[in-house]
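Take a look at the letters that make up each chain.
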Amino acid sequence: MTVTFEVRDGVGTIQLDRPPMNALDVAIQDRLRELAEEATRREDVRAVILYGGEKVFAAGADIKEMQAMDHTAMVLRSKGLQDAFTAVARIPKPVVAAVTGYALGGGCELALCADFRIAADNAKLGQPEILLGLIPGAGGTQRLARLIGPSRAKDLIFTGRMVRAEEALTLGLVDRVVPAAEVYDRAHSWAAQLAKGPALALRAAKESIDAGLETDIDTGLTIERNWFSGLFATEDRERGMRSFVEEGPGKATFL
């Protein structure tokens, strides 16, 4: 298998497994979409980790495969490419990318699909497509600009330069930098903590933030209000408030 999926303590790990660099060919792209849809459906999966293994996250697309494609072939393929990454971005559960080694091109774009990014101190990230006479095609021009701002995104995309973990942290491209040996454990700890939380409220928070970023503030506030009031129909809301009143904050056990 080029991508594996294992579940432990409510956390599903989607792991790329195509040595040596986890090049994201069409088969991996389609498998990512399938596993994202599976993670979305499965009730025993309450949080997700994206991981490439101890040495590399993903060094980008399979260039040899892409080189063989002409314009017509890429017109037919490009939507499938974006759909795969969008499926990951729309998993309605907390998603963390555990980034080791290179996360370049499509690898960086995959990390951008996560809600939170933990990077190894040896990680290098970037969007080098311009060096191939291309631009990012799996969401990089859109998600990167939304995450770190248009000027910083243009710097990385126009130049194609790689940034080391510490600069990525300064830019806001990653959220935490840890020793390489600790990346997966830190990611699992973050995900496992959230896996114990109220699943529907976490979904509501994620969808409110993500959908709100795509619209004006009044519409965003409407999205928030509808989710907020809707959560009053859930048992988790009853458990959370009852526990707060009877035991104090942070002690509720959710379904």
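Data block above holds the structure.
First, a word on what this report is: a plain description of the structure on this page. (Residues numbered from 1 in each chain as written. Predicted model: local features only at pLDDT ≥ 70, side-chain atom pairs only at ≥ 80, totals over all residues. Heavy atoms only, no water.)

### Regarding the overall build of the protein
Selection rule: Working definition: helices are DSSP H or I runs of at least four residues, strands are E runs of at least two. Numbering for both runs from the N terminus. We compute the radius of gyration from the C-alpha atoms alone; for a globule the expected value is 2.2 Å times N to the 0.38, where N is the number of residues. Relative accessibility decides the category of a residue: with a 1.4 Å probe and only protein chains considered, values under 20% of the type maximum give buried, values over 50% give exposed, and everything between is partly exposed.
Counting its regular elements, the protein contains 11 helices and 9 strands. The C-alpha atoms of the protein give 19 Å as radius of gyration, which agrees with the globular expectation for 255 residues (18 Å, within 12%). For the C-alpha atoms alone, the extent of the protein along its principal axes is close to 60 × 40 × 35 Å. Burial analysis of the protein (255 residues in total) assigns 43% to the buried set.

### Focus: the side chain of Arg-77
Basically, it comes down to this: Here, two residues are considered to be in contact whenever any of their heavy atoms come within 4.5 Å of each other.
Assignment of secondary structure puts Arg-77 in helix 3 (residues 71-89). Take Arg-77: its relative accessible area is 15%, and that puts it in the buried class. Beyond its immediate sequence surroundings of up to four residues, Arg-77 is in contact with Val-26, Gln-29, Asp-30 and Met-69.

### Describing the sheet that holds strand 2 (residues 11-16)
Worth spelling out the cut-off: Strands pair, by our definition, only if DSSP identifies at least two bridges between them. Axes here mean lines fitted to C-alpha atoms, for a helix over just the part in contact, with angles spanning 0 to 180 degrees between N-to-C directions.
The strand order across the open sheet formed by 6 strands is 1-2-3-4-6-9, and the pairing between neighbours is mixed. Both edges of this open sheet fall to strand 1 (3-8) and strand 9 (176-178), since each of them pairs with a single strand only. Neighbour-to-neighbour, the strand axes of this sheet turn through a mean angle of 20°, independent of strand direction. Judged from the 3 bridges that link them, strand 6 (residues 116-120) and strand 9 form a sheet pairing that is parallel. In the sheet register, Ala-119 faces strand 9, and the bridge partner there is Val-177.

### Things to note about the packing of aromatic side chains
The description of an aromatic ring pair uses the distance of the two centres, along with the angle that the planes make with each other. What counts, and what does not: Only the six-membered ring of Trp is used, alongside the rings of Phe and Tyr, when aromatic pairs are assigned; centres must lie within 6.5 Å, and planes under 30 degrees apart are stacked while those over 60 apart are edge-to-face, with the rest tilted.
The final tally for this structure, using the stated rule, is 3 aromatic pairs. Ring centres of Tyr-51 and Tyr-184 lie 4.9 Å apart, and the angle between their planes is 45°; this geometry places the pair in the tilted category. Within this pair, whereas Tyr-51 is found in strand 3 (residues 47-51), its partner Tyr-184 is found in helix 8 (residues 183-195), the two being separated by 133 residues in sequence. Just as Tyr-51 is buried, Tyr-184 falls in that class too. When the centroid spacing of 5.5 Å and the interplanar angle of 75° are considered together, the rings of Phe-228 and Phe-232 count as edge-to-face.

### Considering the environment of Ser-151
Position of Ser-151 relative to the elements: it lies in helix 6 (residues 150-159). Overall, Ser-151 belongs to the exposed group, its relative accessible area being 60%. Counting along the chain gives 14 residues from Ser-151 to Ala-165, while the straight-line C-alpha distance between them is 19 Å.

### Section: the packing of helix 9 (residues 199-213) against helix 10 (residues 217-230)
Cut-off, in case you're wondering: Angle categories: roughly parallel below 35 degrees, roughly antiparallel above 145, roughly perpendicular from 65 to 115, and oblique for all the rest. Residue type decides the class: Asp, Glu, Lys and Arg count as charged, Ala, Val, Leu, Ile, Met, Phe, Trp, Tyr, Cys and Pro as nonpolar, and the leftover types, Gly among them, as polar.
Contact geometry for helix 9 and helix 10: axes closest at 9 Å, N-to-C directions at 170°. In terms of their interaxial angle, helix 9 and helix 10 are classed as roughly antiparallel. Between helix 9 and helix 10, the residues in contact are Leu-200, Arg-203, Ala-204, Glu-207, Ser-208, Ala-211 and Gly-212 and Gly-220, Ile-223, Glu-224 and Trp-227, respectively. Looking at side-chain class alone, the contact of helix 9 with helix 10 contains 5 nonpolar, 3 polar and 3 charged residues.

### Thoughts on the pairing of strand 4 (residues 95-99)
Strand 4 sits mainly inside the fold: 5 of its 5 residues count as buried. The two faces of strand 4 match: Val-95, Ala-97 and Val-99 on one face and Val-96 and Ala-98 on the other face are all buried. By the bridge criterion, 4 bridges tie strand 3 to strand 4 in an arrangement that is parallel. Paired with Val-48 across the two strands is Val-95, which belongs to strand 4. For strand 4 and strand 6, the ladder comprises 4 bridges, and the chain directions are parallel. Directly across from Ala-98, in strand 6, lies its bridge partner Ile-118.

### A few points about the sheet that holds strand 8 (residues 162-164)
Spatially, the 3 strands line up as an open sheet ordered 5-7-8, and their pairing is mixed. Every interior strand has two partners, whereas the edge strands, strand 5 (102-104) and strand 8, have only one. The average angle at which neighbouring strand axes cross in this sheet is 20°, direction not considered. Inspection of the sheet shows strand 5 paired to strand 7 (residues 124-126) by 3 bridges, in the parallel sense. The residue of strand 7 that forms the bridge with Tyr-102 is Lys-124.

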